[in-house]
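Each chain is listed here by its residues.
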Amino acid sequence: MDQANIASLASTLPEALSPWTMFLQADMVVKAVMIGLALASVATWTVLVVKTVQLRAALRVARVALGPAVTAHSLANAAGSESAQEGVVGRLLAVAEDEIDKSRGLPADGIKERVAWQFERVEAAAVARIGRGIGILATVGAVAPFVGLFGTVWGIMNSFIGISHAHTTNLAVVAPGIAEALLATAFGLAAAIPAVVIYNLFARATGGYRAVIADASVAVMRLLSRDLDRQHAASTEARRGAIRAVDTSLLSIANPAE
């Protein structure tokens, strides 16, 4: 190859190996892999924005509602606060009040047990609701590298087929196909790495949200136990008063002269 051809080849290689040109010249399978990985990356960043807004809003509501539930003296007092009526804390208070209303006259231990069962379901539903969509990140983080590797293998295979057809190993023949194949791997890593990092961040944030809900559950259960103890003490005192009244009347009947 003369100097003019070498210079011409050297001048065309940078343009031929630019990412956009490599994408346009790629095989349809490799191009489909790149487009799929690009869409997966867009989905990852969309989940980041949406779930960040949703998680922050849920945490803010839960923390604001937790204050009245912790400082209140009774369920009625906590339910009377507007901030405590919102979000998960509001649902916990509603569950506790509804069970008390339906279980009037029944033992306190049974009421607490039934409320605890329902609290578990409320907590699980709240955590599942806030975690909905995060599974996409795990899927992208696990699958994207292998999809990119598939595109790489396919592109390199096409490069070797091109070499066999051209009967040459000239750089101008080999380089574009290999570069396209490696670009598919780059797309896979670009989609997978942020997805894994964001998934781990949301996993920790969801754990913090779960802890706030658990604190709210304990606070409402404490109010429930306190109200039930008050009712038990009031009923016990009423029975004692009735017994004293009966005893007094019996004494008056036994001693009419007095």
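Now for a quick tour of the structure. (Residues numbered from 1 in each chain as written. Predicted model: local features only at pLDDT ≥ 70, side-chain atom pairs only at ≥ 80, totals over all residues. Heavy atoms only, no water.)

## Considering the overall build of the protein
Inference 1: Looking only at helices and strands, the protein features eight helices and zero strands.
Inference 2: Along its sequence from the N terminus, the protein presents helices and strands in the succession α-α-α-α-α-α-α-α.
Inference 3: Put simply, the protein has 258 residues, and 34% of those count as buried.
Inference 4: Counting contacts in the protein only where the partners sit at least 6 residues apart, residues at least 24 apart contribute 78% of the total. (Helix = DSSP H or I, 4+ residues; strand = E, 2+ residues; numbered from the N terminus. Buried < 20%, exposed > 50% of the residue type's maximum accessible area, 1.4 Å probe, protein only. Contact = heavy atoms within 4.5 Å.)

## Considering the layout of surface pockets
Inference 1: Roughly 150 Å³ of internal volume is contained in the second largest pocket.
Inference 2: What lines the second largest pocket is simply Gln54, Ala58, Val61, Ala62, Gly87, Val88, Arg91, Ala126, Arg129, Ile130 and Tyr209.
Inference 3: Of all the secondary structure elements, the ones that give two or more residues to the lining of the second largest pocket are helix 3 (28-71), helix 5 (87-102) and helix 6 (108-131).
Inference 4: With four residues, the top contributor of residues to the lining of the second largest pocket is helix 3. (1 Å grid on protein atoms, 1.4 Å probe; cavity = no way out; pocket = protein on both sides within 12 Å on 5 of 7 lines; lining within 4 Å. Points joined across faces, edges and corners; volume = space filled by probe spheres on them.)

## Some remarks on the pattern of salt bridges
A side chain with one charge can pair with a side chain of the opposite charge if their charged atoms come near.
Inference 1: Inspection of every chain in the model, using the stated rule, returns three salt bridges.
Inference 2: Between Arg114 and Glu99 there is a salt bridge, with the nearest N and O atoms lying 2.7 Å from each other. Placement of the pair is Arg114 in helix 6 and Glu99 in helix 5, with a sequence separation of 15 residues.
Inference 3: For Glu99, a relative accessible area of 10% puts it in the buried group. (Salt bridge = Lys/Arg side-chain N within 4 Å of Asp/Glu carboxyl O.)

## Focus on the nonpolar core
Inference 1: By size, the foremost hydrophobic cluster in this structure holds 38 residues, and its most contacted members are Leu75, Val88, Leu92, Phe119, Tyr209, Val220 and Leu224.
Inference 2: If you list the elements that add at least two residues to this core, you get helix 3, helix 4 (75-79), helix 5, helix 6 and helix 8 (171-254).
Inference 3: Counting residues per element, this core draws most heavily on helix 8, which supplies eleven residues.
Inference 4: One finds Val33, Leu37, Ala144 and Ala195 within the second-largest nonpolar core, a separate group that totals eight residues. (Core = buried A, V, L, I, M, F, W, Y, C linked by side-chain atoms within 4.5 Å.)

## Topic: the packing of helix 3 against helix 6
Axis angle and axis distance: for two packed helices, these are the angle between their axes and the distance between the axes, and together they describe the pair.
Inference 1: Relative orientation of the contacting elements helix 3 and helix 6 amounts to 150°, with a least axis distance of 10 Å. As far as their axial angle goes, helix 6 and helix 3 are roughly antiparallel. When helix 3 is examined against helix 6, the residues Lys51, Gln54, Leu55 and Ala58 are found in contact with a partner set consisting of Arg129, Ile130 and Gly131.
Inference 2: Within the contact of helix 3 with helix 6, the residues separate by chemical class into three nonpolar, two polar and two charged. (Axes fitted to C-alpha atoms, helices over the stretch in contact; angles between N-to-C directions. Parallel < 35°, antiparallel > 145°, perpendicular 65-115°, else oblique. Nonpolar A, V, L, I, M, F, W, Y, C, P; charged D, E, K, R; others polar.)

## Topic: the side chain of Thr152
Inference 1: Relative to the assigned elements, Thr152 resides in helix 7 (residues 135-166).
Inference 2: Looking at Thr152, the relative accessible area reads 7%, which means it is buried.
Inference 3: Excluding residues that lie within four positions of it along the chain, Thr152 makes contacts with Ala181, Leu182, Ala184 and Thr185.

## Section: the packing of aromatic side chains
Inference 1: Summed over all chains, the structure comprises one aromatic pair.
Inference 2: Look at Phe150 and Trp154: their rings are 6.0 Å apart centre to centre, the planes differ by 45°, and that puts the pair in the tilted class. Residue Phe150 and its partner Trp154 are located together in helix 7, separated by four residues, close to a single helical turn. (Phe/Tyr/Trp six-rings, centres within 6.5 Å; stacked < 30°, edge-to-face > 60°.)

## Details of a nonpolar patch on the surface
Inference 1: Residues Leu189, Ile193, Val197 and Leu201 make up a contiguous nonpolar surface patch of about 360 Å² in total accessible area.
Inference 2: Residue position: Ile193 is located in helix 8. (Patch = residues over 30% accessible without salt bridge, like charges linked within 9 Å, V, L, I, M, F, W, Y side chains within 5 Å. Areas by Shrake-Rupley, 256 points an atom, 1.4 Å probe, with all protein chains shown as cover.)

## As for the environment of Ile100
Inference 1: If you trace the backbone, Ile100 turns up in helix 5.
Inference 2: You can call Ile100 buried: its relative accessible area is 10%.
Inference 3: Taking the C-alpha atoms as reference points, Ile100 and Leu224, 124 residues apart in sequence, are found 8.5 Å from one another.
Inference 4: Leaving out residues up to four positions away in the same chain, Ile100 has contacts with Leu75, Ile111, Leu224 and Gln231.

## Focus on helix 6
Inference 1: In this model helix 6 runs 34 Å from its N-terminal to its C-terminal C-alpha over 24 residues, within 8% of the 34 Å that 1.5 Å per residue would give.
Inference 2: Among the residues of helix 6, Gly110, Ile111, Val115, Phe119, Val122, Ala126, Val127 and Ile130 are the ones counted as buried. (Expected span 1.5 Å × (residues − 1).)

In short, geometric facts, not functional conclusions.
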